[in-house]
Amino acid sequence: MGTVTLGVSLAVPEPHGRFLQRKREGFGDPAARGIPTHITLLPPTEVDTGALPGIERHLAEVAAGSRPFPLRLEGTDTFRPLSPVVFVKVVEGARGCTVLQERVRAASGPCARELQFPYHPHVTIAHGIDEAAMDRAQAELADFSATWTIAGFALYEKGDDEVWRLEREYPFGAGGGAVPVPRQGSEPAELSRPPATFH
């Protein structure tokens, strides 16, 4: 029995997901191409492969008991100097994200784990790069905004090539339809300016 590294997240839908991923790459973040644009619910977590069926059942139960909620991204901020991260802010829907990640990481469930820092929903646009590039990321996306309804979350697995790949989508009980999830393997769309607000 081996282990795998999993993550659970809320996808940023298109065209915003690819736009922010392309911008992150342009700022010089080497991890950008392997990470679909997202809001984390469960950070990278190593588990035994034998635990996967139980984890999938748990996530399905969490999704079935959840309901859609509105989310809005707007502007940028940073965790510096505590952590070398620049991010787009969640200005609406943070409470929904917080409740959801608490249910995913429930102490009685198979995804129970402690966090390195208190949970703060956000979309990373630069991580661990030089300060000038971090400053540029924070300035260039300061007027970015996007709005949509969160209708589900997704389970990802990290490959040996450091690329995070979609394993399964979990639409909410009343979400209906598929969850829009950015996928690796296709060339990101060419976008030179922030797209219009998405609903």
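Please refer to the structure placed before this passage.
Conventions and cut-offs
Counting starts from 1 at the beginning of each chain's written sequence and moves along it residue by residue. Residues qualify for local features only when their pLDDT is at least 70, as the model is predicted, and side-chain atom pairs are given and counted only at 80 or more; totals for whole chains, interfaces and linings, by contrast, use all residues. With hydrogens and water stripped out, all remaining heavy atoms of the structure feed into the side-chain values. Cavities and pockets are defined on a 1 Å grid built over the protein atoms alone: a cavity is a set of grid points where a 1.4 Å probe fits but cannot escape, while a pocket is an open set with protein on both sides within 12 Å along at least five of seven lines, and lining residues are those with an atom within 4 Å of any such point. Grid points are joined across faces, edges and corners, and a volume is the space filled by probe spheres set on the points. Strands are runs of DSSP state E lasting at least 2 residues, helices are runs of H or I lasting at least 4, and numbering of each runs from the N terminus.

Trainee: Just give me the short version of empty space enclosed by the protein, but keep the residues and values in it.
Mentor: Once rolled over the atoms, a probe with the size of a water molecule shows which space is left empty. This structure, assessed with the given rule, holds two cavities of 30 Å³ or more. For the largest cavity, the calculated volume is near 60 Å³. Together, Leu20, Gln21, Arg24, Ala32, Ile35, Pro36, Thr37, His38, Val123, Thr124 and Ile125 line the largest cavity. Broken down by secondary-structure element, the contributors of at least two residues to the lining of the largest cavity are helix H1 (16-26) and strand E5 (122-127).

Trainee: Any chance you could break down the environment of Val99 for me, citing the residues and the numbers?
Mentor: As for its position among the elements, Val99 is in helix H3 (residues 94-104). Sequence spacing of Val99 and Ser66 is 33 residues, and the spatial spacing of their C-alpha atoms is 9.7 Å.

Trainee: Which residues make up unusual backbone geometry, and what values go with them?
Mentor: Following Glu14, the chain continues into Pro15 via a peptide bond in cis, with omega recorded as 10°. Mapped onto the elements, Pro15 comes out in the loop between strand E1 (3-11) and H1. A cis geometry characterises the amide bond from Arg80 onward to Pro81, with omega recorded as 0°. Here Pro81 lies in the loop between strand E3 (69-78) and strand E4 (85-92). Despite not being glycine, Glu162 has its phi angle at roughly 70°, a positive value. Tracing the sequence through the fold places Glu162 in the loop between strand E7 (152-158) and strand E8 (164-171).

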